[in-house]
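Here's the letter readout for the chains.
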Amino acid sequence: MLQLKEVTKKFGTHTAVDQLSLEIPEREMYGFLGGNGAGKTTTFRMILGLLDKTSGDISWEGKAVNYEKSHLIGYLPEERGLYPKLTVKDQLTYLARLRGMGKTEAIKELKSWLDRFQVPEYLNKKVEELSKGNQQKIQFISAVIHKPKLLILDEPFSGLDPVNVEMLKEAVVDLKEQGTSIVFSSHRMEHVEELCEHLCILHKGKQVVQGSLREIKRSFGKKNLSVYADFSVDFLSNFPGVTKYKSVMEGCELQIENEAVSQGIFTAIQGKGFVRKFELEEPSLNDIFIAKVGASYE
Amino acid sequence: MNKFWIILGHTYTTRVKSKSFIITTLITLVFIFALTNIKTIIDVFSDGEKDQIAVIDETDELFKPLAENVEQTNEDIELTLYEDTEEKAKQAVEEEEYAALILLSKNEKQLPKATYYANSISESSLQTTLEQQLQQLKTMYATEQAGVDPATLAMINEPVVFDTIALDESAKTEEELNQARGIVYIMLFLLYMTVIVYGNMIATDVATEKSSRVMEILISSASPVTHMFAKIIGVALVGLTQIVLFLGAGYALITAKDEATKELFAQFGIGSSSASIYIYAIVFFLLGYLLYATLAAMLGSLVSRIEDAQQIIMPMTFLIVIAFIIAISGLSTPDAGFIKITSFIPFFTPMIMFLRVGMLDIPVWEIALSIGLLVGTIIILAILGAKVYRGGVLLYGRSSSLKDLKKALALSKKEK
């Protein structure tokens, strides 16, 4: 278990991470959400020991993370980069050896990963000859080749096409099933929603929401309601309990305080005409993010 | 420490396998080969074609002795008597039939004089030879007129006996000094080149890893301090490989050569000096390299683009250039006061203290003190460098000023 207790990082007068406390369970995928400058990368760097925290405590399996554990940890930095002049093979065997792997073992692993990503021909190519997306795959391999127990991925899916995103997602899910604890950051809500059991939302270094996805959604309370009807539903915008109103072609999409409001609306529209659709939905993570982070802007 | 060796090995092999390394090494080897065969090469190019000089002799007696003397001193010059008019002779020179025309006559005191005509008068060696030989003739005529017999003249011309003996028995003899000067010169040059070339290499290497952003992966798997020192030592080994290759090739070529070439190199003190000077050379060389390499790695970690690496190591380059200039000027005045003072300044010590050790007889405590100061500075710089490196490698920005030093230190600081 990775534990952060009231971790704070200050750069001069600027507080990048403020009193962050988290528990990241074993063998799980944990999502970090946050806009630009929210403190995700700084937090990761502190977990890895690249930056010293100003105050607080970080421990993994009860101890601080240091270079003696580096063979158990995988890291994909947000800023992608490899040696442009080296071949994929030289590059990854070097990086894998720094993570405590043997040379032959590293080459074997590398080949199986390249096969998995359907690019076995890249083995002896120089990195600068590859496209950005393919470089990113190679870099992903560098983070996971040594089968880490803790994997930190900083924006792993940014800049990839949908096919590659799927490929990487599958790989991440497989790793989790093999027992790797994964922490990853993203500003794409759907990825976090799809992959993570637990997550936290950071905003300007502060933790806005934290916990399991289901709980976060439940405690958020608000629900989404779609009403498509043959008659005008404009009057619903002023209906008590409606927090957001968005008119669409066939009707409207609403955000409501709680489930009970939908009961009221259901009664209100009865007898007015034909209702094509009346659907109550859980809020999406996107809604929650906007509600929480947007609120703190005010 | 295992990671240290992996990084070191990686730094070494990628460098040694790189095209630029192979090419520069080959070019230098060709250069060394050319240098050791310089005599043969000069012989090949001066293909025995002699400089033809037309001579118009108005005295009818100067030509013969002059021609003899000139051809004796320089067999590449041939004098021919020109039987036609001066005008025609000048024309022949213009048409490059002759290299020059010399007009011999006597002045009112019956002493030889000459006028020299050539298409250009920039080729001074020809002029000088002719002038010198004519001067001798003139001396001969003048002394003859004054009634001095040839035996007296020979006595006058004989060089004076001028022996130099140092009274302090441990002081270096003239011969030893010349040899020491040779070794000091070679060592100064070697250190200068090494610092410039390999210091640059380290700074660029670090900047490359930063600019390609591979640095963050590297320092998440091995500590920046390990990384920095593995890099410094790795590059040092690359340099050592190159130097050993050059020296080895040079040595092999020289020993395979004739005596004349060997003598030339013996003048530089190679092969005949005492062992201690070589040991000092190695000690000062290694310490000097370490000092500047640490500085280069530290500076390199501050920039985020390869282009800026050149700029930021400028101050370091200045330091070594200044050290080199002081040392060169000190070659002729090794006991000057400022040489003594600068030899204790750590950035200058490797060159200037070595110069003093080689050229003078210095008390051991002075050498020990300077080495102590040097080692101390290296340690301080290494600690500071490691700190800057740790913060610097995560620091990205456009600027490349020394202000970043403060920022980098702040990044690596533990605020506890």
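Small disclaimer: the values here were computed from a predicted structure and weren't measured.

Let's shift gears to the overall build of chain B. From N to C terminus, chain B includes 18 helices and four strands. In chain B, buried positions account for 34% of the 416 residues. Taking as baseline every contact in chain B between residues at least 6 positions apart, the subset at least 24 positions apart corresponds to 76%.

For the rest of this paragraph, the subject is the overall build of chain A. Summing up its helical and strand segments, chain A has nine helices and 13 strands in all. The dimensions of chain A, computed from C-alpha atoms along their principal axes, are 75 × 45 × 30 Å. When the 298 residues of chain A are sorted by exposure, 38% land in the buried category. Taking contacts inside chain A between residues at least 6 apart in sequence as the whole, the part at least 24 apart equals 68%.

Chain A puts 21 residues into the contact, and the matching count from chain B is 17 residues. For the side of chain A that touches chain B, the element with the most residues is helix H2 (residues 88–98) of chain A, which contributes four residues. Residue composition of the side of chain A that touches chain B, by class: 12 nonpolar, four polar and five charged.

Moving on: the sheet that holds strand S2 (residues 77–81) of chain B. Within a sheet, adjacent strands bond to each other through the backbone by hydrogen bonds, running parallel or antiparallel. Residues and elements named next belong to chain B. If you walk across this open sheet you meet the four strands as S2-S1-S3-S4, and the pairing is mixed. Each having just a single partner strand, S2 and strand S4 (112–118) make up the two edges of the open sheet. Pairs of neighbouring strands in the sheet enclose a mean axial angle of 25°, with direction left out of account. Strand direction decides the pairing type here: strand S1 (residues 51–57) and strand S3 (residues 100–106), joined by five bridges, are parallel. Considered in S3, the bridge of Ala54 is made with Leu101. In the packing of helix H6 (residues 124–145) onto the sheet, the strands contacted are S1, S2, S3 and S4, and the crossing angle to S4 comes to about 170°.

On to the UniProt feature "transmembrane region" (unreviewed entry) in chain B, then. All names here are of chain B. When the UniProt feature table is mapped onto this chain, "transmembrane region" (unreviewed entry) is found at residues 21–42, 183–207, 228–254, 277–300, 312–331, 337–355 and 367–389. Helix makes up 100% of residues 183–207 and strand 0%. Its end C-alpha atoms lie 35 Å apart. Span residues 337–355 is 68% helix and 0% strand, its end C-alpha atoms 14 Å apart.

Domain annotation of chain A identifies domain 1 (2–217) and domain 2 (222–282). Distance from the C-alpha centre of domain 1 of chain A to the C-alpha centre of domain 2 of chain A: 42 Å.

Now for the packing of helix H12 (residues 275–300) of chain B against helix H17 (residues 364–392) of chain B. Residue and element names in this part refer to chain B. It is the contact of H12 with H17, at a shortest axis distance of 9 Å, that shows an interaxial angle of 20°. Between H12 and H17, the interaxial angle falls into the category roughly parallel. Here H12 runs over H17; the crossing is left-handed. Residues Leu287, Leu290, Leu291, Thr294, Leu295, Ala297 and Met298 of H12 touch H17, and the partners they reach there are Leu374, Val375, Thr377, Ile378, Leu381, Ala382, Gly385, Val388 and Tyr389. Residues that form the contact of H12 with H17 fall into these classes: 13 nonpolar, three polar and no charged.

Before going further, it helps to examine unusual backbone geometry. Residues and elements named next belong to chain A. Its identity is not glycine, yet Glu6 carries a phi of approximately 45°, on the positive side. Within the secondary structure layout, Glu6 lies in strand S1 (residues 2–11). What makes Glu6 exposed here is the crowd of 12 C-beta atoms within 10 Å. The phi angle at Arg27 is positive, at roughly 50°, despite the residue not being glycine. Examined against the element boundaries, Arg27 turns out to sit in the loop between strand S2 (14–24) and strand S3 (29–34).

A separate point is the pairing of strand S7 (residues 181–186) of chain A. All names here are of chain A. The buried fraction of S7 is high, at six of six residues. Side chains of S7 alternate between two faces, with Ser181, Val183 and Ser185 and Ile182, Phe184 and Ser186 buried alike. The pairing of S3 with S7 spans five bridges and is parallel. Bridging from a neighbouring strand, Met29 pairs with Ile182 of S7.

Our next topic: the sheet that holds strand S4 (residues 55–60) of chain A. Residue and element names in this part refer to chain A. If you walk across this open sheet you meet the three strands as S2-S1-S4, and the pairing is antiparallel. Only two strands of the sheet have a single partner each, and these edge strands are S2 and S4. Mean inter-strand twist for the sheet, computed between neighbouring axes without regard to direction, equals 20°. The sheet contact formed by S1 and S4 spans five bridges and is antiparallel. Bridge pairing in S4 places Leu4 opposite Ile58.

Residues and elements named next belong to chain B. Interaxial distance between helix H4 (residues 63–73) and H6 falls to 10 Å at its minimum, and their mutual angle equals 130°. Taken together, the axes of H4 and H6 lie oblique to each other. The hand of the H4/H6 crossing is right-handed. Every residue of H6 that contacts H4 at Pro65, Leu66, Asn69, Val70 and Thr73 is listed here: Thr129, Leu130, Gln133, Leu134, Gln136 and Leu137. Of the residues contributing to the contact of H4 with H6, the split by class is six nonpolar, five polar and no charged.

Basis of the calculations
Residues numbered from 1 in each chain as written. Chains lettered and ligands numbered in written order. Predicted model: local features only at pLDDT ≥ 70, side-chain atom pairs only at ≥ 80, totals over all residues. Helix = DSSP H or I, 4+ residues; strand = E, 2+ residues; numbered from the N terminus. Buried ≥ 20, exposed ≤ 12 C-beta atoms within 10 Å, placed from the backbone. Contact = placed C-beta atoms within 7 Å. Nonpolar A, V, L, I, M, F, W, Y, C, P; charged D, E, K, R; others polar. Pairing = 2+ DSSP bridges. Axes fitted to C-alpha atoms, helices over the stretch in contact; angles between N-to-C directions. UniProt positions renumbered as here; feature names shortened; annotations may be inferred. Domains from an automatic or database assignment. Parallel < 35°, antiparallel > 145°, perpendicular 65-115°, else oblique. Left-handed = near helix turned anticlockwise from the far one by under 90°.

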